[in-house]
Amino acid sequence: MTSPLIRLLFLGFCLSLSLSAAHAQQENEEIGTDAPSEQVIDAPSEAAPSTRLQGEIRDLKKQVLQLNKDLFLLEEDLLFPANTQFSVFLSLDAGQLFGLDAVQLKVDDKIVANHLYTDRELSALKRGGVQRLFIGNLPTGEHEIIAIFVGTGPQGRDYRRAESLNIEKGEDPLFVELRITDDPTKEQPAFTSRVWE
Amino acid sequence: MTPTRALIRSLSLAALLAGVPLWAAGDTQPQEGQIRELAYGNALYHYFQDRPLTAITRLLAARDRGRLERQKGDADLLLGNLYYGYGLIPDAVALFNALLDDDSPQSLRNRVWFNLARVEYDQGNYHQAADLLQRLDGELPAVREAQKNYLLTRLLLRADRIEDATHALKRIPTDSIWRDYAEYNLGITQIAQGRADNGRSWLLSVAERNGATEQAERQALGDAARLAAGLSALRNSLWGQAIDDLRLVRIDGPLSNTALLASAWAWHHQGNPLQATGMMQAIIDKGQKDPATREAHIALGQVQEQSGNLKLSAWYYDRAAQYLQQSLDDIDRVITGVEEGNLIQTLLDQGQIHTRGRDALKQAPPSEASPYLIEAMASDEFQRQVRNLQQLIDIRDRLLDWQQTIPTFELMLDERQRAFDARKPRVEQSTDLQRLEALHQQRQDFADEVERIGREQDARALANEDETDFLEQLDEIRELIEQLRGSQDLGEAEEKYRLMHGLLLWDLETDFPRRYWALQRELELLDRALNEADQAAESLRGASARHQLDLNDLSERIDGQDAVIAARLADTQRLIDAQQQAINELIIEALRQLRRHTQQLRLSARYSVARLYDKLTEDQKPGGVK
C-alpha cells in the first residue's frame, strides 16, 4: 500500500502527534485549559494540494510519457524489426533452493548477454517481475539457445548449470522465457523454458 | 522545561535516518497469481525497482503492440497504480473506473475498489473510502486483505470507533507488518484519548513482537513504539514505567538520543540526578547536532539547578549557550549555502536524489550541513517536493538519452535507405514486367503448338533427333527414287523405302500418346514455373514497396523528434529550476524556524546564566546565602 519510507514517515508523524498531544497537554496544564485531542494519524498521501508548479509538472509528465512510449516503439521497430525480433526473458519462482548471481546467454554458440544481478533486481524477480534479459535479431530457421546460470545452490554451495533449448524462428517476433523454480521433490532448483506465442 | 519539543523534532528526523530508499514504489507487494503476459511481468520488474517511468513506458508500449491482452485487467490496475504514484491522479482514477465494467471478474473489481478506496483516503475523502471498502465482495488475496484491514482500522480510528478498529485489526495476521502499524496506531490513538494503559499495551505488543527482528523497518517501529509508550508514561509521571519502556530502545537507532533524554528526565524525576546527568552527558558526548543533543545541553543546566548546584548549573548553561551559538552559526551557514544553490549537491551527497545509475550510487558521507538539513527535510511536503524533483531529473536524464540516440537512429535509417537503394536495380531487374511478358508469350506459342500436334495427331512433330535425321534421310531417298524412276528398275529400292518409312511412322504413331502426354506435362511444369516466377516477382515488388514504406514511416517518426525532445528538455529544465527554488524556499523556511527555536534556547540559556550569576552574587553578599 505505502512505501517503507512513507510508512516510516508515517511512524515519525504519528509519534510527533502523540508527543504534540503530550506537549500540548503539558503546556495547557500550565495555562489551565483543556488539551486538544489529536487523532489524525495518517501516512503522508500521494495526493497533495495542487499548485501551479505541480500542474505544470503533471502536464510535462504526461507529454513525456507519450513521447517516451513513441520513441521506445520507434527504437524497437528500427533496431529489432518484427520479422527478426527475438527476446529472452527470465523469471524466478520461489528461489529458495537457488540464489541467482549471474546469467550468461548464448545463441548459436555466441555469447549475446551476461548479467550480474543486484539485490534490487533479485528482489524484483522474487516479487514476480520478469526481466528482459536480451533483445536482438535472429534470422528465420533453427537456433540453439544456451543459458548458463551461476549462483548458490542447496546447502550454500556454488552452483552452475547450463540449459539448452532449440528454437525455430519464424516471421513473427519470438519470445522465450527462462524460468527458475524450486523442485521440492529433488530439493534442487529446476530450470525450464517456454516459447511464448 | 521543553524536553518534548525537542523530542518531537527528533522523531521526525528519525524517519529520514532510518535509511529507507526515498523513491520506494507505492505498492511493493508480490505479484498475485501467474504471469500470463511477459510484458506485464516486465513492467512489474521495473515497478518493483522503483522505476515508474520505465514501467509505465513498457506498459504503454506493450498495450500499443497488443501484448497485454491475456492480462489486461492486471496490467491496467498496475498502470493505474503507477500513474497514482507518479502524481497523475485523475489518470489513475479514470483507469480504475474503466476497470469496473460488468465484464470484469469479481476478484479484479475488488482490487479496483480497494485501490479507489486508498485514493479517496489519501485525498481526505474518508466517507467515500469507507463506502468503497464496503463494496468489496469476498476476500482479497492475503497481502492485500491485510492492507485492506489496515486501511479499515485507520478509517475506524478516525471515526473514534475504537472497538470496531480493534476488531478489524485482529483480522490482520500477526506476522504482517500491517498488523504492527495498525496496533501502533491504535496504541497512539488510545494514549491521545487518555487511555494510556490500553495504548501502552498495544505499543508494547508491537515492540515485543519486533524485539528480535533484523528488519530495519520493524526495528524502527519497535523503537518508536517503546519511545511512545515511555513518553506517555513520562507525561503521566510514571517515572519507573517510563524508564522500563525506554530502556530497550536501541542505542544505535535513530531514536536513541530522544529515548536517552526522556529516560534522563524520568531518572531526574525519580530523584536520581546523577543517573539523569550521566545520560544527558552521554548524549552530548556523542557530538551530534540533533534536537535531543541541543535539549540535553539545556537540560543538564536545568537538572543541576534543580539539584541546587547553581555554579555547576551556570557552567552548563554557559556551555549550552556556546553550543547553541555554534549551532546558530552552522544554521546561518547552511541557510547561506541553500540560498547560493548548494542544496541540490547536498541532497545528492545524502542520497536524497540521484542522477543516473541509482543502483550504483554510493552514498557520500554526510556534510556539516546534513544534521540541520535532515531536520528540515522531515516534512511530508518536503518529501513530496523532492520526489517531484527526482522525477523531473529522471525525465531530464531520459530525454538527454533520447537526444543522443536520435542522430544514431537517423544514421541507421540513412544506411538502410542507401543499402536498399543499392539493391533496388537488382530487384527491379528480377521483377521486370517486359521480361515476364516475353516469357508468357513464349509459353503461349508452345501451348499453341502442343494443341496443334494434338489436334492433327502430328506424330512426326514428336520425333526425336535420330528419328528426325532418319526421316530426313528417307525423304531424300524418296526424292532420289522419283528422279531415277524412268531410267532404272527401282522396284527393290522402292520396296525397301516403303518398308523402312512405314516402320518408322508406325513406331512414331504407336508412341505418340506417351510422347504427347510428356509434352503436355512439360507444358504444365512450365505453367507452374511461370506462376511461381509471377508470384516471386509480385512478392518481391510488394516487399520492396513495403520496405520503402517502412523506411518512410520510420523516417517520418524520427523527423522532428529532436525538436520535440529539445522542447521537452527546455520545459523540464525550467520546471527543475522552479522545483529547486520551491524546495529551497521550503528548506529555508524550515531552517529559519529551526534557527528561531535554537535562538530561543540560546536566549534561555544565556538568561539562565545571568539569572544564576545574579543569584550567586546575591548569595555571596553579606547576609546572603553562601
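Residue numbers restart at each chain and count upward from 1, following the sequence in its written direction. Here the convention is simple: chains get letters from A, ligands get numbers from 1, in the order in which they are written. Per-residue local features of the predicted model are confined to residues with pLDDT of at least 70, and side-chain atom pairs are confined, for both listing and counting, to 80 or more; whole-chain, interface and lining totals are unaffected and use all residues. Each side-chain value is derived from all of the structure's non-hydrogen atoms; neither hydrogens nor water enter the calculation.

## Description of the overall build of chain B
Helix and strand content of chain B: 24 helices and zero strands. For 626 residues, the compact-globule estimate of 2.2 N^0.38 gives 25 Å, and the C-alpha radius of gyration of chain B, at 46 Å, exceeds that figure by more than 25%. Judged by the C-alpha coordinates and their principal axes, chain B covers about 190 × 55 × 40 Å. Here the term buried applies to any residue with accessible area under 20% of the maximum for its type, exposed to any over 50%, and partly exposed to those in between, with areas from a 1.4 Å probe on protein chains only. Within chain B, the fraction of its 626 residues that count as buried is 50%. The protein chains shown are the only cover counted for residues, whose accessible areas, like all others here, come from Shrake-Rupley with a 1.4 Å probe. For chain B, the accessible surface area stands at approximately 30,200 Å², while carbon and sulfur atoms represent 49% of it. To qualify as a helix, a DSSP run of H or I must reach at least 4 residues; to qualify as a strand, a run of E must reach at least 2; elements of each kind are numbered from the N terminus. We compute the radius of gyration from the C-alpha atoms alone; for a globule the expected value is 2.2 Å times N to the 0.38, where N is the number of residues.

## Topic: the overall build of chain A
Of regular secondary structure, chain A possesses three helices and eight strands. Ordered by position in the sequence, the α and β elements of chain A form the string α-α-β-β-β-α-β-β-β-β-β. By definition in these notes, contact holds between two residues if any of their heavy atoms fall within 4.5 Å. Once local pairs closer than 6 in sequence are excluded, the contacts in chain A between residues at least 24 apart make up 64%. Within the structure as shown, chain A displays about 9,100 Å² of accessible surface, and the carbon and sulfur contribution to it stands at 47%.

## As for the environment of V119(B)
All names here are of chain B. Summarising the element assignment, V119 is placed in helix α6 (residues 106-122). The class of V119 is buried, set by a relative accessible area of 2%. Sequence separation between V119 and I89 is 30 residues; the distance between their C-alpha atoms is 8.2 Å. When residues no more than four places from it in sequence are discounted, the contact partners of V119 are Y84, I89, V93 and F96.

## Here's the deal with the sheet that holds strand β6 (residues 158-169) of chain A
Sheet strands associate in pairs through backbone hydrogen bonding, adopting either a parallel or an antiparallel arrangement. All names here are of chain A. Pairing between strands requires that DSSP locate at least two bridges from one strand to the other. Strand order in the open sheet formed by four strands is β3-β2-β5-β6, and the pairing between neighbours is antiparallel. The open sheet has two free edges, formed respectively by β3 (110-116) and β6, since each of these has just one partner strand. Neighbour-to-neighbour, the strand axes of this sheet turn through a mean angle of 20°, independent of strand direction. In the sheet, strand β2 (residues 99-107) pairs with strand β5 (residues 141-152) via eight bridges, with the strands oriented antiparallel. For L100, the partnering residue across the bridge sits in β5 and is G151. Orientation is described by lines fitted to C-alpha atoms, with helices fitted over the stretch in contact, and by angles between N-to-C directions that extend from 0 to 180 degrees.

## A short note on unusual backbone geometry
One can expect most non-glycine residues to show negative phi and most peptide bonds to be in trans. Even without a glycine there, the phi angle at D109(A) is positive, about 70°. When you line up the elements, D109(A) lands in the loop between β2 and β3. Its identity is not glycine, yet D50(B) carries a phi of approximately 55°, on the positive side. Take D50(B): it is sitting in the loop between α2 (38-47) and α3 (52-64).

## Thoughts on a negative patch on the surface
Among the surface-exposed residues, E465(B), D466(B), D469(B), E472(B), E476(B) and E479(B) lie close enough to one another that they form a single negatively charged patch. According to the relative accessible area criterion, E465(B) is exposed, its value standing at 65%. Excluding any residue in a salt bridge, patches collect residues exceeding 30% relative accessible area, merging like charges within 9 Å and nonpolar Val, Leu, Ile, Met, Phe, Trp and Tyr side chains within 5 Å. Within this document, salt bridges are pairs made up of a side-chain nitrogen of Lys or Arg and a carboxyl oxygen of Asp or Glu, the two lying within 4 Å of each other. His is not counted here, nor are the chain ends, while Lys and Arg score as positive and Asp and Glu score as negative. Every charge is mapped onto a representative atom, which is NZ of Lys, CZ of Arg, CG of Asp or CD of Glu.

## Looking at the packing of helix α10 (residues 177-192) of chain B against helix α12 (residues 216-235) of chain B
Residue and element names in this part refer to chain B. Where α10 meets α12, the closest approach of the two axes is 11 Å, and the angle between their N-to-C directions is 15°. Considering the angle they form, α10 stands roughly parallel to α12. In this structure, α10 crosses over α12, and the sense of that crossing is left-handed. Each of I177, D180, Y181, Y184, I188 and I191 in α10 lies in contact with α12, whose residues at this interface are E217, R218, L221, A224, A225, A228, S232 and R235. Small angles under 35 degrees read as roughly parallel and large ones over 145 as roughly antiparallel, with 65 to 115 read as roughly perpendicular and the rest as oblique. Working rule for handedness: look at the near helix, and if it is turned counterclockwise from the far one by less than a right angle, call the crossing left-handed; if clockwise, right-handed.

## A few points about the environment of D175(B)
Residue and element names in this part refer to chain B. Position of D175 relative to the elements: it lies in the loop between α9 (162-169) and α10. When its relative accessible area of 62% is taken as the criterion, D175 is described as exposed. Considered as a pair, D175 and G73 are 102 residues apart in the sequence and their alpha carbons are 30 Å apart.

## Section: the sheet that holds strand β4 (residues 131-137) of chain A
Residues and elements named next belong to chain A. Read from one edge of the open sheet, four strands run β4-β1-β7-β8, paired in mixed fashion. At either margin of the open sheet sits one strand with a lone partner, and together these are β4 and β8 (188-196). Within this sheet the neighbouring strands show an average axis-to-axis angle of 15°, counted without direction. Looking at chain direction, strand β1 (residues 85-92) and strand β7 (residues 174-183) are connected through seven bridges and run parallel. Bridged to S87 within β7 is F175.

## Some details on the pairing of β6(A)
Residue and element names in this part refer to chain A. As paired elements, β5 and β6 share 12 bridges and run antiparallel to each other. Its bridge partner being in β6, H143 is matched across the sheet by I167. Where β5 folds back onto β6 in an antiparallel hairpin, the turn is made up of five residues, including Q155, whose phi is positive at roughly 60°.

## Remarks on the nonpolar core
Grouped together as the largest cluster of nonpolar side chains are 124 residues, with contacts concentrated most on F86(A), L100(A), F149(A), I587(B) and L591(B). If one sorts the elements of this core by residue count, helix α20 (residues 380-430) of chain B sits on top with 12 residues. Domain start and stop points were drawn from an automatic or database domain assignment. Built from parts of two domains, this core gets at least three residues from each of domain 2 (53-79) and domain 3 (82-196) of chain A. Every residue in contact with F149(A), bar those within four places of it in the chain, is listed here: L90(A), F98(A), L100(A), A102(A), V103(A), Y159(A), R160(A), R161(A), E163(A), L178(A), I180(A) and F191(A). To define a nonpolar core, start from buried Ala, Val, Leu, Ile, Met, Phe, Trp, Tyr and Cys residues and group those joined through side-chain atoms within 4.5 Å. The next biggest cluster of nonpolar side chains, apart from the first, holds 55 residues, and it includes V206(B), L234(B), A242(B) and A264(B).

## Some points on the side chain of Q281(B)
All names here are of chain B. In this structure, Q281 sits in helix α15 (residues 273-285). The class for Q281 is buried, based on a relative accessible area of 18%. With residues near it in sequence (within four places) discarded, Q281 still touches L300, Y316 and R319.

## Thoughts on the side chain of Q104(A)
Residues and elements named next belong to chain A. Tracing the chain through its elements places Q104 in strand β2. On the basis of relative accessibility, which here comes to 19%, the residue Q104 falls in the buried class. Sequence-distant contacts of Q104, defined by excluding residues within four places in its chain, comprise I111, A113, N114, I146, A147 and I148.

## Digging into the confidence of the model for chain A
The predicted model of chain A averages 79 in pLDDT, with 75% of residues at 70 or higher. Residue-level confidence of the predictor is what pLDDT reports, using numbers from 0 through 100. Predicted confidence for residues 1-45 of chain A stays below pLDDT 50, and this span has 116 contacts to residues more than four positions away or in other chains.

## Quick notes on helix α23 (residues 491-558) of chain B
Each residue after the first adds 1.5 Å to the expected span of a helix. With 68 residues, α23(B) extends 94 Å between its outermost C-alpha atoms, agreeing within 8% with the 100 Å of an ideal straight helix rising 1.5 Å per residue. Residue G560(B) follows α23(B) closely and has a positive phi angle near 80°.

## Comments concerning the packing of aromatic side chains
Here a Phe, Tyr or Trp ring, Trp counted by its six-membered ring, pairs with any other such ring whose centre lies within 6.5 Å, and the pair is stacked when the planes are under 30 degrees apart, edge-to-face when over 60, and tilted otherwise. Here the structure, examined in full by the defined rule, presents 13 aromatic pairs over all chains. Residues Y121(B) and Y126(B) carry aromatic rings whose centres are separated by 5.0 Å and whose planes lie at 70° to one another, so their mutual orientation is edge-to-face. Overall, the relative accessible area of 3% leaves Y121(B) in the buried class. A relative accessible area of 26% places Y126(B) in the partly exposed class. An aromatic cluster is built from F98(A), F149(A), Y159(A) and F191(A), whose rings are joined through pairwise contacts. The residue whose ring lies beneath K61(A) is Y86(B), and the NZ or CZ to ring-centre distance is 4.8 Å. By definition here, charges over rings are those cases where NZ of Lys or CZ of Arg is within 6 Å of the ring centre and within 35 degrees of the ring normal. R158(B) extends its terminal NZ or CZ atom over the ring of Y126(B), reaching a point 3.9 Å from the ring centre.

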